[in-house]
Amino acid sequence: MTQDPSQLKGKSLPPPRETSGAEALKALVTGFATTLKHLGRRPITEQYPEEKRELPARSRARIILTRDPDGAERCVACYLCSAVCPVSCISMQSIEGQGGRRMAAWFRINFGRCIYCGLCEEACPTSAIQLTPDYEHCQRAILKSVYEKEDLLVDHCGKDPDYNFYRHAGVATEGLDKGRHEKEAPPVNVRSNMP
Amino acid sequence: MPTLTIDNRPVTVPDGTKVITAAEQLGIMIPRFCYHPALGSVGACRVCAVGFKEGPIKGVEMSCMVDAQEGMVVATDDPDAVDLRKHVIELLMLHHPHDCPVCDEGGHCLLQDMTISGGHGRRRYAGAKRTHLDQDLGPLVQHEMNRCIQCYRCSRFYQQFCGYRDLGVTGIGTRVYFGRSEPGTLESPFSGNLTDICPTGVYTDKPSRFYGRRWDYERAPSVCIHCSLGCSLTVSARYRKAVRHEARFNAQVNGHFICDRGRYAYAYASQPERPRDALIAGRPATLAQAATQMSERLAAIEKGTGPDGIALMGSARSSLETQALLARLHSEKGWRTPCFSADDAATRVVSSALNTLNATNTIALTEIEGADTVLLVGADPIGEAPMLALALRQAQRDGSRIITVDPRPVTLPCAHDHIAVSGDDLATAVAHLIIGALEPSREIALDADQQDRFKTLKQETRDIPAAAELRAIGHALTTAWRPAFVCGTTVPDPDVPPLMGLLQALVQTSCMWSGLFFPLPGANTFGAHCLGGSDALFEPLLAAVEAGQVKALVVVENDLFSEYPDQQRLAAALESLELLVVMDCVPSAITARADIFLPTQTIYEAGGHYLNNEGRLQVATPVIAGGLSIMDTGGGNHPPREFREDIPGGTPRPAWQYVAGLATGETDPPDVKPLLDEALTAGVADGERVSLPSASREWPSIERIGAGPEGDAGGLTLIESAATFGSEPLAAFSTVLAELTPLFGVTVHSETAQRLGWRAGDRIVIPDSAPALEVVVTLDDRAAPGVLLVPRRIGIDRTALRRYMAHLLAE
Ligand code: SF4
Ligand code: SF4
Ligand code: SF4
Ligand code: SF4
Ligand code: FES
């Protein structure tokens, strides 16, 4: 805490303590001993960027949009990630895509603002948005930090190799009609009178 | 007035209030699915369970089914009730699809809210879910039956509340299905309300499908300006585009609902053809250039001709701000009095109708629901003011008798007695009603003077075919307790509204309550009337233009071509002008002819005040700042990666600002209330009715009733009247409603058709029409014989149509 010098005025400071010769020598020797001890050891500093460490798969850095195991875009533009993002750096526009799928017409992340908290990934119901260990994406021009959908979209499943949202949802999409999804009975015949 | 305790807080409510509503008054929202204040209780969903601790009822009961009673102690957090609710939710969720991320209800879904708040977070049921096939319900409503929780709100709303039959419930057990018997466009013009009342995502808004989430929308309270009722709306907009209207509760006007015209009209504001740039002689210019040139050229013309050489044309769809500044421009500059409609026939009726209204005889829309007899003369609610039809339906459900007297075959979603009377005979018809009310009745006492006038009335009134029936109805009116009188303002002649006023005043003396309700031709017709515009007629203005007295015309938000019947004459007159200034927000027929065009903002950008048909002052709040939507600037892809200071396509300004630029040069919106006060010499507040003159007991002049129609009684008359879709000048530009606008057709009585040699389904190609116009013949024996009924339609060649019909009439 800094003190107002005016308040110190008139107060007597404690007298400085004298250091004896023996004490000074001891301090000197311990210091040099510590240095010498480390001289022989292997250095723990990593020589970034010459040396690059493999980070765990769950480290949180550059964000990607993944695809489902069948190769289709996973993101359904549900706006959950953009809603949860504490710095509001995700924006998108949802549209009706092919075969009744809901998808993002565009999807933008402003990495200039992203704090890599991972909340978007946690909120995503389709495993589409994922953070990756790739932290090396600083830019000099600020607009280059604004990633569009084509910059974000990858052609693999990321950390989740299995999930395909449309196999579990109830909506009919191309090739997956009503009653054909996981744990679904065939559509009922409303005209039947049978109990 | 029982007093009960809910969650340790006392509340006193009127008799018959359900516990669920009583809790609402304390701000406690008991979960509910099937209960809706407009639809009432059915106890179908079992999710509103609460614990009754003390009083006449004990144990867990449904709060929507129990009337509040004295001494009740209710606990919404009773452990048994909480547990029951949790299990009910789980049961309702058994078959619910895993759809939330792709469901448009997500974000404002009652089922989502209740599931989370009910504590059902994880699925335990591992069996197969039942599924349903969906139906195509037309362009407005998307169907996804898997999501249904069987609350029956939709079928109750559609069939009981609205009176339409084509959507309902079928099946038993898990097969219960809500939909139509065959896929197809929903018939009800109130179908959009399904998206509001369904607590799940079974019915969602199709035009805004997949566009955004409720939490991302910019929302603001607004007013519907697509007919004169002025229903309350909430507008949702996102990325500079208005994408949704929802009904906003208004206890006096629309209740909980709105009609489809009002709900889906918004698309006019974002249509690609919307003019967004100023034009000088058809070429793009900056706003400043156009505005300067406008003032300079107007000043030059004024120098030559004097202030009389400049005429002002306002409109009934402009806000009060714009109308008021036009009136001020006239008083400051001495230019001709602004005229607010090119349809003089309607202006005359409106004038006489609004002069008939007074502080005691004017009623609000929801008051009609409480009437026990409703008499409609020359009014076709479904076309002119759709929500009025819904109010009539509620009255009829309560046992009210509805009577329509009209040359058109009025169709209502409820049982009603229809008396076909030709347009010229409407005044005579009301005279017969008055005679019926006074003649054999001892209920209504008349003084000597009134006796005299009544005698004259009786002598002068001609006999018409329906006279006896009308007199019987007139008599029946004297035994009604709560009769309401509705009179249209486009089809009847100016004598009818005052006569309706007289009938109401007479009947008033023998009943508990009664009132007058006049649907008007435009959203702000009442405003135009208040600001002194009703007396200025268009015909003299047009004559002055033709005579060369008027050299410049400033047209503000009015497509004269859709209002004035003789388009050719109008075109020639406009051609002869030295300067035609047009300000508008839609690409109407007149914009292409403007020497100077100034783009105006829509209600979503400018907001504004409006007076509805009973003179209620209502406010629309701006929702967006304007400009092209991001979907447009990005061409469907991401927004442009560039920084700019202005909003692309954001040139338009509120119309009143341009007008103010000509008069006072102010840049802040004018405060309309003092202006209204000035015009009406009384104060007015938002949401309140303007002060109308106090009741007068005078009999209107009745000399002319006996005159009868000109020409022979067997002649034909052409009636152009508003239809639900395609007639309203803004909604007609809504791309969403385009698909619902029916083929252009003429409706006639079969006798008339026989005389003309027409058969049902005939297609008549109107000669020399541009764009080519084809008319389909429909027969309806509920129409008055001799009447050719066509809908008012924006953008058709009315001159050719009228020419053809005139040639028919002549034969
Ligand atoms: S990591 Fe956090 S800050 Fe970054 S986009 Fe996701 S939610 Fe937003
Ligand atoms: S939460 Fe997932 S699916 Fe939803 S918009 Fe974000 S990335 Fe797409
Ligand atoms: S469709 Fe909607 S409103 Fe109708 S019963 Fe099902 S959940 Fe209720
Ligand atoms: S009834 Fe009229 S004011 Fe109401 S929503 Fe329909 S068009 Fe709008
Ligand atoms: S709201 Fe009471 S049972 Fe449905």
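This section reports on the structure supplied with the text. (Residues numbered from 1 in each chain as written. Chains lettered and ligands numbered in written order. Predicted model: local features only at pLDDT ≥ 70, side-chain atom pairs only at ≥ 80, totals over all residues. Heavy atoms only, no water.)

Remarks on the packing of aromatic side chains
Residue and element names in this part refer to chain A. Cut-off, in case you're wondering: By convention, a stacked pair of Phe, Tyr or Trp rings (six-membered ring in the case of Trp) has centres within 6.5 Å and planes under 30 degrees apart, an edge-to-face pair has planes over 60 apart, and any other such pair is tilted. The secondary structure listing takes helices from DSSP runs of H or I that are at least 4 residues long and strands from runs of E that are at least 2 residues long, numbered from the N terminus. With a 1.4 Å probe rolled over the protein chains alone, any residue whose accessible area is under 20% of its type maximum counts as buried; one over 50% counts as exposed, and the rest are partly exposed.
Taken as a whole and assessed by the stated rule, the structure comprises 13 aromatic pairs over all chains. Consider the rings of tyrosine 48 and tyrosine 135, whose centres lie 6.2 Å apart with planes at 50 degrees: the pair is tilted. On the criterion of sequence distance, the pair formed by tyrosine 48 in the loop between α2 (21-39) and β1 (61-65) and tyrosine 135 in the loop between β4 (129-132) and β5 (146-147) is long-range, its members being 87 residues apart. We classify tyrosine 48 as partly exposed; its relative accessible area is 45%. Consider the rings of phenylalanine 111 and tyrosine 116, whose centres lie 6.2 Å apart with planes at 5 degrees: the pair is stacked. In textbook terms, an aromatic cluster arises when at least three aromatic residues are bridged by ring pairs, as seen for Phe111, Tyr116 and Tyr147.

Describing empty space enclosed by the protein
Residues and elements named next belong to chain B. Spelled out, the test is: The method works on a 1 Å grid over the protein atoms by themselves. A cavity is a set of points holding a 1.4 Å probe that cannot get out, a pocket is an open set with protein on both sides within 12 Å along at least five of seven lines, and residues with an atom within 4 Å of a point line them. Grid points are joined across faces, edges and corners, and a volume is the space filled by probe spheres set on the points. Side-chain classes are defined by residue name, with Ala, Val, Leu, Ile, Met, Phe, Trp, Tyr, Cys and Pro counting as nonpolar, Asp, Glu, Lys and Arg as charged, and the others, Gly among them, as polar. These domain boundaries are the output of an automatic or database domain assignment.
Inspection of every chain in the model, using the stated rule, returns 11 cavities of 30 Å³ or more. Its boundaries defined by the atoms lining it, the largest cavity holds a volume of some 680 Å³. Lining the largest cavity are 41 residues; nearest its centre among them are Ala316, Pro521, Gly522, Thr525 and Glu563. Among the elements of the structure, α9 (344-356), α11 (381-384), α17 (525-530), α19 (560-563) and β27 (717-721) are those that each provide at least two residues to the lining of the largest cavity. Within the lining of the largest cavity, the residues separate by chemical class into 15 nonpolar, 16 polar and 10 charged. Here the lining of the largest cavity spans two domains, and each of domain 2 (373-502) and domain 3 (710-810) adds at least three residues to it.

Comments concerning the sheet that holds strand β13 (residues 241-247) of chain B
Residues and elements named next belong to chain B. Going by this rule: For two strands to be treated as a pair, DSSP must find at least two bridges joining them. To get an axis, fit a line to the C-alpha atoms, keeping to the stretch in contact for a helix; angles then go from 0 to 180 degrees between the N-to-C directions.
Pairing within the open sheet is antiparallel, and its three strands lie in the order β11-β12-β13. Looking at strand neighbours, the two that pair on one side only are β11 (218-223) and β13, the edges of this open sheet. Adjacent strand axes in the sheet meet at a mean angle of 30 degrees when their direction is disregarded. Bridge analysis of β11 against strand β12 (residues 232-238) gives six bridges, and the strand direction is antiparallel.

Description of unusual backbone geometry
Residue proline 49 of chain A follows tyrosine 48 of chain A across a cis peptide bond; omega there is 5 degrees. Counting through the fold element by element, proline 49 of chain A comes out in the loop between α2 and β1. Following alanine 770 of chain B, the chain continues into proline 771 of chain B via a peptide bond in cis, with omega recorded as -5 degrees. On the secondary structure map, proline 771 of chain B appears in the loop between β29 (763-765) and β30 (774-779). Phi angles above zero are rare outside glycine, and phenylalanine 210 of chain B is one such case at about 60 degrees.

Some details on the site of ligand 2
Spelled out, the test is: If a single non-hydrogen atom of a residue is within 4 Å of a molecule or strand, that residue counts as near it.
Close to ligand 2 lie 13 residues, the nearest being Cys75, Cys78, Cys81, Cys124 and Thr126 of chain A. Across the shell around ligand 2, the residue classes break down as 12 nonpolar, one polar and no charged.

Regarding the interface of chain A and chain B
In plain terms, the rule: We call two residues contacting when some pair of their heavy atoms lies within 4.5 Å. By buried area we mean the combined loss of accessible area, with a 1.4 Å probe, across both parts when two parts are placed together. We define a salt bridge as a contact between a side-chain nitrogen of Lys or Arg and a carboxyl oxygen of Asp or Glu at a distance within 4 Å.
Of the residues lining the interface, 46 residues belong to chain A; the matching set on chain B comes to 41 residues. Summed over both partners, the interface of chain A with chain B buries about 3500 Å², with 56% contributed by carbon and sulfur atoms. Three residues, Arg102, Trp106 and Lys178 of chain A, lead the burial of chain A against chain B; their summed loss comes to 18% of the area buried on that side. Linking chain A with chain B are six salt bridges, by the criterion used here. With its nearest N and O atoms 2.7 Å apart, the salt bridge here joins arginine 641 of chain B to glutamate 148 of chain A. Elements that contribute at least two residues to the side of chain A that touches chain B include exactly α3 (80-84), β2 (90-96), β3 (102-110), α6 (165-168) and β6 (184-187) of chain A. Element by element, the count of residues in the side of chain A that touches chain B is highest for β2 of chain A, at six residues. Across two bridges, β6 of chain A lies against strand β6 (residues 129-131) of chain B in parallel orientation. Counted as the bridge partner of glutamate 184 of chain A is lysine 129 of chain B from β6 of chain B.

Quick notes on the pairing of strand β26 (residues 617-620) of chain B
All names here are of chain B. Here strand β25 (residues 608-611) runs beside β26; their pairing, made up of four bridges, is antiparallel. Considered in β26, the bridge of histidine 609 is made with valine 619. Once β25 ends, the chain turns through five residues before running back antiparallel as β26, passing glycine 615 with a positive phi of about 85 degrees.

Describing the site of ligand 1
Every residue near ligand 1 is listed here: Ile63, Cys85, Pro86, Val87, Cys89, Ile90, Cys114, Ile115, Tyr116, Cys117, Gly118 and Cys120 of chain A. Its residues placed into classes, the shell around ligand 1 shows 11 nonpolar, one polar and no charged.

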